[in-house]
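Working through the structure, step by step
Take a look at the letters that make up each chain.
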Amino acid sequence: MRIERRYTRAGESPYKDIPFTSRTSKISNPDGSVVFEQTDIQVPSAWSQVAVDILAQKYFRKAGVPIRMRPIAEDSVPEWLQRCEPDDESMLDARGVADAKKAMGGETDARQVFHRLAGTWTYWGFKHGYFTSEADARTFYDELVARTRRSGGAS
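Before going into details, it helps to say that this report is about the structure given with it. Note that the coordinates shown come from a computational prediction; the quantities given were computed from them, not determined experimentally.

Val43, Trp47, Leu55 and Phe114 are the most contacted members of the largest nonpolar core, which totals 18 residues. Contributions of two or more residues to this core are made by strand E2 (34–44), helix H1 (49–59), helix H3 (110–127) and helix H4 (134–147). With six residues, the next largest nonpolar core counts Val77, Leu81, Phe126 and Ala137 among its residues.

Structure, rendered in structure tokens:
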């Protein structure tokens, strides 16, 4: 399948024209007690508060996200699309001991979610031969990521 670019340019970051800002997601009960709160969330500036809340509550991985990753080399899979695994060696302290709290965390930036989702869908398509070329796979990935600026209930 051939994919045409509409929102991105080859060789440029798909985030190039998407301004991001720091926001807070907070959900409270009618009595004022807080059910959920996450501060300093990085999201596209145009997103509504409802979109920020949905992202933070439903799409962010809350825990178990490695701070550092390394690619898993696979034959015929381009480097930019390779799956990743935790880079345990780089997360060791000076004594050679891993601190789980420092090694793992949660997602706090919409770009992490966009990369995780668009990367997975692109990887599957590439592995199953859906794309005519690697360039088409890259275009698919970039266009999915860039399209997010128009999503999210822009207000």
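This paragraph deals with the pairing of E2. Of the pairings in the sheet, the one linking strand E1 (residues 20–28) to E2 comprises eight bridges and is antiparallel in character. When the bridges of E2 are listed, Phe20 appears paired with Pro44.

On to the pattern of salt bridges, then. On inspection of all chains with the given rule, the structure shows 12 salt bridges. A salt bridge links Arg2 to Asp136, with the shortest nitrogen-to-oxygen separation between them at 3.4 Å. Taken together, the residues Arg2 in the segment before E1 and Asp136 in helix H4 connect sequence positions 134 residues apart. Of the charged contacts, one joins Glu107 and Arg116 as a salt bridge, the two residues approaching to 2.8 Å between their closest N and O atoms. Taken together, the shared-partner salt bridges in this structure form one network comprising Arg9, Glu12, Lys16 and Asp17.

Before going further, it helps to examine the layout of surface pockets. In this structure, the largest pocket spans a volume of roughly 600 Å³. If you go around the largest pocket, you meet 23 residues; those closest to its centre are Met69, Arg83, Cys84, His115 and Arg116. The element best represented in the lining of the largest pocket is H3, accounting for seven residues. Per-class residue counts for the lining of the largest pocket are 11 nonpolar, five polar and seven charged.

Bringing H4 into the picture now. Between its first and last C-alpha atoms H4 spans 20 Å; for 14 residues at 1.5 Å apiece the expected length is 20 Å, and the two agree. Of the residues making up H4, those classed as buried are Asp136, Ala137, Thr139, Tyr141, Asp142, Glu143, Val145 and Ala146. Next to the buried residues of H4 lie H3.

Here the focus is a nonpolar patch on the surface. Side chains of Val50, Ile54 and Tyr59 sit close together on the surface and give an oily, nonpolar patch of about 300 Å² of accessible area. Among the structural elements, Ile54 can be located in helix H1. Exposure remark for Ile54: the relative accessible area of 42% places this residue in the partly exposed category.

Unlike most non-glycine residues, Asp40 shows phi in positive territory, near 55 degrees. Summarising the element assignment, Asp40 is placed in strand E2. Of note, the phi angle at Ser76 is positive, near 70 degrees, even though the residue is not glycine. Tracing the backbone through its elements, the reader meets Ser76 in the loop between strand E4 (69–71) and strand E5 (84–86). In this structure Ser76 comes out as exposed when scored by relative accessible area, which is 67%.

Taking 1.5 Å per residue, 18 residues should reach 26 Å; H3 reaches 25 Å between its end C-alpha atoms and fits that length. Every buried residue of H3 is listed here: Ala110, Val113, Phe114, Ala118, Gly119, Thr122, Tyr123, Gly125 and Phe126. Considering only its buried residues, H3 is in contact with E1, E2, H1 and H4. Measuring from the side-chain oxygen of the N-cap residue of H3 to the backbone nitrogen of Arg111 gives 2.8 Å; that N-cap residue is Asp109. Phi for Gly129, located one or two positions after H3, is positive at around 75 degrees.

Cut-offs applied
- Residues numbered from 1 in each chain as written.
- Predicted model: local features only at pLDDT ≥ 70, side-chain atom pairs only at ≥ 80, totals over all residues.
- Heavy atoms only, no water.
- Core = buried A, V, L, I, M, F, W, Y, C linked by side-chain atoms within 4.5 Å.
- Buried < 20%, exposed > 50% of the residue type's maximum accessible area, 1.4 Å probe, protein only.
- Helix = DSSP H or I, 4+ residues; strand = E, 2+ residues; numbered from the N terminus.
- Pairing = 2+ DSSP bridges.
- Salt bridge = Lys/Arg side-chain N within 4 Å of Asp/Glu carboxyl O.
- 1 Å grid on protein atoms, 1.4 Å probe; cavity = no way out; pocket = protein on both sides within 12 Å on 5 of 7 lines; lining within 4 Å.
- Points joined across faces, edges and corners; volume = space filled by probe spheres on them.
- Nonpolar A, V, L, I, M, F, W, Y, C, P; charged D, E, K, R; others polar.
- Expected span 1.5 Å × (residues − 1).
- Contact = heavy atoms within 4.5 Å.
- Patch = residues over 30% accessible without salt bridge, like charges linked within 9 Å, V, L, I, M, F, W, Y side chains within 5 Å.
- Areas by Shrake-Rupley, 256 points an atom, 1.4 Å probe, with all protein chains shown as cover.
- Polar contact = N/O pair within 3.5 Å; in protein donor to acceptor, adjacent residues only side chain to side chain.

This is a description of form; function is not addressed.
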